[in-house]
Each structure stands twice: as C-alpha cells, then as structure tokens.
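In case you want the letters, here they are:
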Amino acid sequence: MNKSPSPTAAGVIRDQRLTLTEALDALIRDQRITREQAQLLLGRSAGDPRHPLVVIADCEWDDARTPGQRLTLDTLVQWQAQQAGLPYHRIDPLGLDVARITQLIPYAYAARARILPVKVTPTEIVIATAEPWLRDWERDLAPALKRDVHRVLASPADLDRYIVEFYALARSVKASSEQRGRQPGGGVQSGIQNLEQLTELGRSGKLTADDQHVIAIVDWLLSYAFEQRASDIHIEPRRERGNVRFRIDGVLHEVYQIPATVMPSVTSRIKILARMDLAEKRKPQDGRIKTRSPSGKEVELRVSSLPTAFGEKLVLRIFDPAVLLKDFNELGLTADEAALWRQMIGAPNGIILVTGPTGSGKTTTLYSTLRHLATPDVNVCTIEDPIELVEPAFNQMQVQANIDLSFASGVRALLRQDPDIIMVGEIRDLETAENAIQAALTGHLVLSTLHTNDAPSAITRLLDLGVPPYLIKATVVGVVAQRLVRTLCPHCKQPAAVDAKRWQEMVAPWPLALPTTAQQASGCLECRETGYLGRAGVYEILRMTPALRAGIHASADPAELRTLAVADGMRPLRIAGASKIAEGLTTIDEVLRCSPDAPPPAGTEARN
C-alpha cells in the first residue's frame with residue numbers, strides 16, 4: 001500500500017482520477033477498514049473498471065469506527081467529500097430541470113468527465129462529479145458557460161445512471177419535436193384487449209424510429225414515477241410547453257417540461273396504452289394501463305383525460321396491487337378501530353359507507369376490506385367506475401354510460417347473480433341509493449363510498465338524496481370517514497416539545513392531555529428535505545346505535561347527529577389525528593391541514 005499522504009483540500013489541483021489504492025489507503029488511515037481487508041480487495045479487484053468507491057461498497061464491510069453501520073456507497077461518498085473538502089450532494093431527480101441542464105453540456109463531454117449540472121442560476125452553475133481530484137473540465141467549462149462553476153461530490157452510481165437517462169430523454173424529446181409532422185401514435189399497434197392485458201414498457205409491436213422517441217419519453221415518465229413513489233402523474237398542456245408533475249405523499253412536484261409540439265404525441269401514446277379513443281379529443285375519457293415497475297412488480301394505472309384550452313390534460317393514478325394484502329393495522333387503524341371495523345364488516349347484511357375527499361384512501365380501505373372478506377365460500381361482486389384494481393377473488397363490473405350501464409342498473413343486475421357482498425363504487429343519486437338499500441334489505445352486505453367531510457354527514461347526505469329516514473335506520477350499519485396524513489420521515493425526525501397553545505387550540509374542546517413527548521419534521525436527503533415520508537390513515541368510525549337511530553329524521557341536523565355520535569363513542573378525525581401526534585407519527589401542522597374541527601364531546605370523556 002502507498003504511504004504517501006493524500007491531499008485533503010479542494011484547492012489542490014491534481015487532474016487525476018481517484019484510484020482504488022488511494023481510496024483504501026485513506027480508509028485505513030481513517031481507521032474505517034483494516035489493512036488485511038484492503039490487501040484482499042486489491043488482490044481480487046485488479047483492473048476493475050468501476051469507480052473505486054463502487055468497488056469498495058460492493059464488499060459490504062462494516063465501518064470499523066461506527067459499529068453496526070455498513071460502508072455503503074452513500075457513506076463512502078460522504079466520507080470522500082470530507083476528505084476532499086467538497087460539499088456532498090445526493091442527486092434528487094425531482095429537483096432538477098432536466099431540459100435545461102442537458103442543454104448546457106454535451107452528452108459526450110458529460111459522460112467522459114462523469115459530471116452533471118445539478119443547479120443553474122444566471123451567475124453560477126453547480127456541477128456534481130464523482131472524481132474529487134479531477135478538475136480539468138472545470139477550467140474548460142467556466143469560460144464557455146460564462147458562470148462561476150462550483151463542484152459537489154455525488155454518488156458515481158447516480159451520476160452514471162442519470163447522465164444516461166436524462167440525455168436519452170432529452171434526445172427523444174428533441175427528435176420527436178423535430179418530427180412533429182407525423183401522425184400521433186403512427187405505427188403503434190393497439191388492438192382490443194381485456195383489462196388484464198399487461199403492457200410491457202418499450203414493447204408495442206412494429207414501431208418506426210419516430211414512434212420510438214415518444215415511447216422512450218412515456219416509458220421514462222412511468223418508470224420514474226414508480227421509483228419516486230408517486231401516486232399520480234399529471235400531464236398538463238400549456239401555451240408554450242407541457243408540464244409533467246408527480247404527486248408524492250399528497251404534494252405535487254414539477255418534474256419535466258415537454259415542448260408543446262411533442263405533447264400531442266405523448267398524449268396519444270398514453271391513450272393508446274390505456275385503450276382510449278384516439279380520435280375523441282372533445283370529451284373526457286377514462287382508461288387503464290397495467291404494466292410493471294422497474295423492480296418487476298405489476299402496477300395498475302387509471303388514466304383520465306380532460307379537454308382544456310391548450311389540449312388534453314391527462315392524470316394517471318397509480319395503484320399498487322400490494323394494497324390488497326395490507327392488514328388493517330397497516331392502513332393506520334388502531335387496535336380498537338380495527339376491532340370495531342371488523343365487527344361492522346362482519347354484519348350479515350346492511351350498508352357500510354366509507355367517506356372522504358378524493359385521494360383520502362377510500363379505495364385502499366375498500367379493496368383491503370373486500371380482500372379480507374373474499375373467502376371461497378363468499379360471492380363478492382362489485383360495480384365500479386372505473387374498475388381501479390383487478391382482483392381475481394372478486395367479480396368486478398364497470399359502469400358504461402354509453403350502453404346505459406349505471407351504478408343503479410349494475411346493482412340491479414348484481415342482485416340476480418346470487419351475491420353475498422356487493423361493493424358499489426359510489427352512491428351518487430337516489431336511484432343508486434335505493435338499489436343499494438334494496439340489496440341490504442334482502443340480506444346482502446353492501447359497501448360503498450360517499451363524498452362528505454365527516455362520518456355523520458353521510459347520514460344527512462342520504463337524506464338529501466331523498467332516502468326515507470326509516471330505510472336509513474334499517475340498513476346503515478356504520479360509516480367511516482378518513483384522511484391521509486403524511487408521516488414523519490424515520491431517518492430524520494427528532495424529539496421535540498409540543499407547543500401547548502397550539503395543542504389546546506387543535507383539540508379544543510376535548511380535554512386531551514398534552515403529550516410528554518412528540519416528534520418534529522427535520523428534513524434529510526431521504527425525504528427531500530420535507531421531513532415527511534409516506535402517509536397513514538386517520539379514521540372516524542361511526543357505529544349505528546339505538547340513540548343515533550332515534551335522532552335520524554327528515555330534518556335531521558348534521559351538528560345534532562355529530563353530537564349523538566360522539567356521545568356514543570365516535571372519535572372525531574382531529575382527535576384521532578392527535579393520537580398520531582402523541583405516537584410520534586405526524587405533526588400538528590399535518591393534522592390541522594387534513595382534518596375538520598372536532599365537535600364538542602357533549603359532556604362525555606374523550607377516548608385517548
């Protein structure tokens with residue numbers, strides 16, 4: 001092993017690549033590895049063309065200075081950044097303006113120097129590199145870019161990947177833009193297929209070179225969304241360009257801007273995959289795509305198109321079939337709530353309603369529940385608009401307005417199919433409500449959704465639709481209102497004292513004790529500095545009791561029903577959210593953002 005010391009200052013210009021021997025020497029001096037480990041690796045890795053830190057990370061050695069911690073690639077890059085006196089930068093693809101950065105430096109130069117711009121302003125440009133000592137490119141680029149150039153050290157694996165991906169995407173967008181005169185979707189074979197047809201990204205029959213560019217763009221967007229845990233993809237046409245945004249943990253992030261000339265081709269490609277009518281651009285449409293994520297897991301997407309001033313806007317909602325396998329506690333239900341929910345869905349007949357705004361997790365709750373109920377001795381039938389997840393254990397039917405197959409007529413048809421359990425996608429009108437109630441009265445368990453702010457409002461919503469009070473009393477088993485709150489990132493959340501004033505304002509008038517400990521959002525690379533990673537459900541469960549039934553009449557007031565429900569043990573959404581704060585799962589800000597004000601406890605003790 002070499003004994004010569006390595007420079008540790010960023011100002012040292014050596015213009016040479018980091019070598020495996022040099023990296024191992026520095027790790028030995030820093031007491032991160034042993035000399036025996038280094039000699040063994042050198043003996044078997046001579047001539048390995050990969051970056052030295054990638055070679056070392058593959059050994060999966062424990063960090064000798066920090067027991068229990070592995071020398072992962074990220075750990076090694078952060079260590080090397082400290083050695084070189086450079087800032088460490090973890091590349092966040094969502095934070096990059098891909099179209100802009102790929103125009104600054106040619107691909108051949110970026111690939112050869114292993115560099116990628118990660119931040120661009122009128123006066124400076126920040127460039128990520130995997131080579132701490134190689135700086136000849138910096139002297140070349142500074143005068144050409146007419147900006148101050150600042151270096152940061154990034155993972156060589158990330159650089160290798162994103163340099164290829166971003167420049168390939170840029171080439172496809174440019175080529176498609178130059179060939180904008182072609183027919184949208186030309187050369188792509190569509191055909192009529194069933195809902196289970198699996199779309200292999202990048203494989204769609206006989207393609208021309210023009211088609212391949214658009215296919216590459218769409219494939220990248222889908223794969224990228226799966227990797228970034230997006231729940232929705234928004235493709236929005238504007239006057240000058242098209243915006244692509246991902247919704248991650250309930251928040252939209254701008255990802256890419258597509259030239260306006262390319263947008264129609266991208267839209268057509270997605271509509272072909274979703275088996276939608278390409279020629280129809282004036283009316284909203286729905287479709288679906290079933291494909292695989294980069295990890296090989298099957299994923300289903302629901303596609304919705306909407307005509308706007310500048311073209312068709314598309315929203316692709318991503319459904320992970322793994323939600324069908326989630327237990328109730330994984331959805332966010334507490335032990336008491338899960339027990340109450342099991343009791344409700346164990347009823348032999350009646351109606352159970354799940355309420356909440358769009359994107360509050362109603363579909364996940366219903367599908368998980370149906371999967372739990374769908375045993376071999378039970379016939380589960382659904383009528384949906386559209387079918388969101390295809391599950392072999394259910395008999396699923398889709399609303400089709402063009403042939404007058406509505407929710408109401410679908411329920412009537414299902415009643416002739418000897419069902420035990422019926423799921424109605426949504427009760428929207430009196431006819432659907434009446435058919436659902438008829439099913440419940442004739443011995444079936446019916447699950448459905450409504451769009452209301454809280455659980456008691458579902459009762460008044462049924463009254464507003466025109467359902468007689470006596471039928472509601474006879475059939476409704478219970479109502480669940482839910483929201484999704486962002487959960488604190490486990491990698492960076494920190495203990496914090498709870499603001500007593502804000503706590504009391506949030507839970508008032510409920511006499512909930514101030515938690516002794518809580519957690520606060522901090523922000524790290526794993527959560528993109530947001531402090532949140534993932535979401536969990538918050539639930540308000542209303543069980544129909546004799547006192548509540550007695551309060552249901554034609555002119556029932558939602559406030560009166562809320563008071564009765566709380567008196568019979570219903571825990572409001574905000575109070576349920578407060579328990580998540582006490583458990584250290586989320587924050588006051590997040591609960592306030594997602595839940596309505598809590599009704600007074602009406603003299604009863606709030607349950608913690």
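Let me begin by describing the structure that accompanies this report. (Residues numbered from 1 in each chain as written. Predicted model: local features only at pLDDT ≥ 70, side-chain atom pairs only at ≥ 80, totals over all residues. Heavy atoms only, no water.)

The subject of this paragraph is the pattern of salt bridges. In total, this model carries 34 salt bridges according to the counting rule given. Of the charged contacts in the structure, one is a salt bridge between glutamate 526 and arginine 90, with a shortest N-O distance of 2.6 Å. Residue glutamate 526 is found in the loop between strand E17 (518-520) and strand E18 (532-543), and its partner arginine 90 is found in the loop between helix H4 (73-84) and helix H5 (98-104); the two are separated by 436 residues along the sequence. According to the relative accessible area criterion, arginine 90 is partly exposed, its value standing at 26%. (Salt bridge = Lys/Arg side-chain N within 4 Å of Asp/Glu carboxyl O. Helix = DSSP H or I, 4+ residues; strand = E, 2+ residues; numbered from the N terminus. Buried < 20%, exposed > 50% of the residue type's maximum accessible area, 1.4 Å probe, protein only.)

What follows concerns the state of the cysteines. Using the criterion set out here, one finds 0 disulfides in the structure. Looking at the unpaired cysteine 524, the closest cysteine sulfur is the one in cysteine 492, lying at 3.7 Å. The exposure class of cysteine 524 is buried, given its relative accessible area of 15%. Distance from the sulfur of cysteine 527, which forms no disulfide, to the nearest cysteine sulfur (cysteine 524) is 3.8 Å. (Disulfide = S-S within 2.5 Å.)

For the rest of this paragraph, the subject is the packing of aromatic side chains. Scanning the entire structure with this criterion turns up 7 aromatic pairs. Look at tyrosine 107 and tyrosine 167: their rings are 5.4 Å apart centre to centre, the planes differ by 55°, and that puts the pair in the tilted class. Note that tyrosine 107 is positioned in helix H6 (residues 107-113) and tyrosine 167 in helix H8 (residues 156-178), a separation of 60 residues in sequence. Take tyrosine 107: its relative accessible area is 33%, and that puts it in the partly exposed class. Taking the relative accessible area as the measure of exposure, tyrosine 167 reaches 4% and is therefore buried. Summarising the aromatic geometry, the rings of phenylalanine 166 and tryptophan 220 are spaced 6.5 Å apart at their centres and angled 80° between planes, so their arrangement reads as edge-to-face. Here phenylalanine 166 is found in helix H8, whereas its partner tryptophan 220 is found in helix H9 (residues 209-227), with 54 residues between them in sequence. Each member of the pair, phenylalanine 166 as well as tryptophan 220, carries the same accessibility label: buried. Ring pairing ties together the aromatic residues Tyr162, Phe166, Trp220, Tyr224, Phe246 and Tyr256, which thus form one cluster. (Phe/Tyr/Trp six-rings, centres within 6.5 Å; stacked < 30°, edge-to-face > 60°.)

On to the sheet that holds strand E8 (residues 298-308). With respect to topology, 6 strands assemble into an open sheet ordered E6-E5-E4-E9-E8-E7, the strand pairing being antiparallel. Every interior strand has two partners, whereas the edge strands, strand E6 (251-259) and strand E7 (285-292), have only one. Sheet twist, expressed as the mean angle between neighbouring strand axes with direction ignored, is 20°. As paired elements, strand E4 (residues 232-237) and strand E9 (residues 311-319) share 4 bridges and run antiparallel to each other. Along E9, the bridge assignment pairs aspartate 232 with arginine 317. Here helix H10 (residues 263-273) sits on the sheet and contacts E4, strand E5 (241-248), E6, E7, E8 and E9; the angle it forms with E9, its principal contact strand, is near 45°. (Pairing = 2+ DSSP bridges. Axes fitted to C-alpha atoms, helices over the stretch in contact; angles between N-to-C directions. Contact = heavy atoms within 4.5 Å.)

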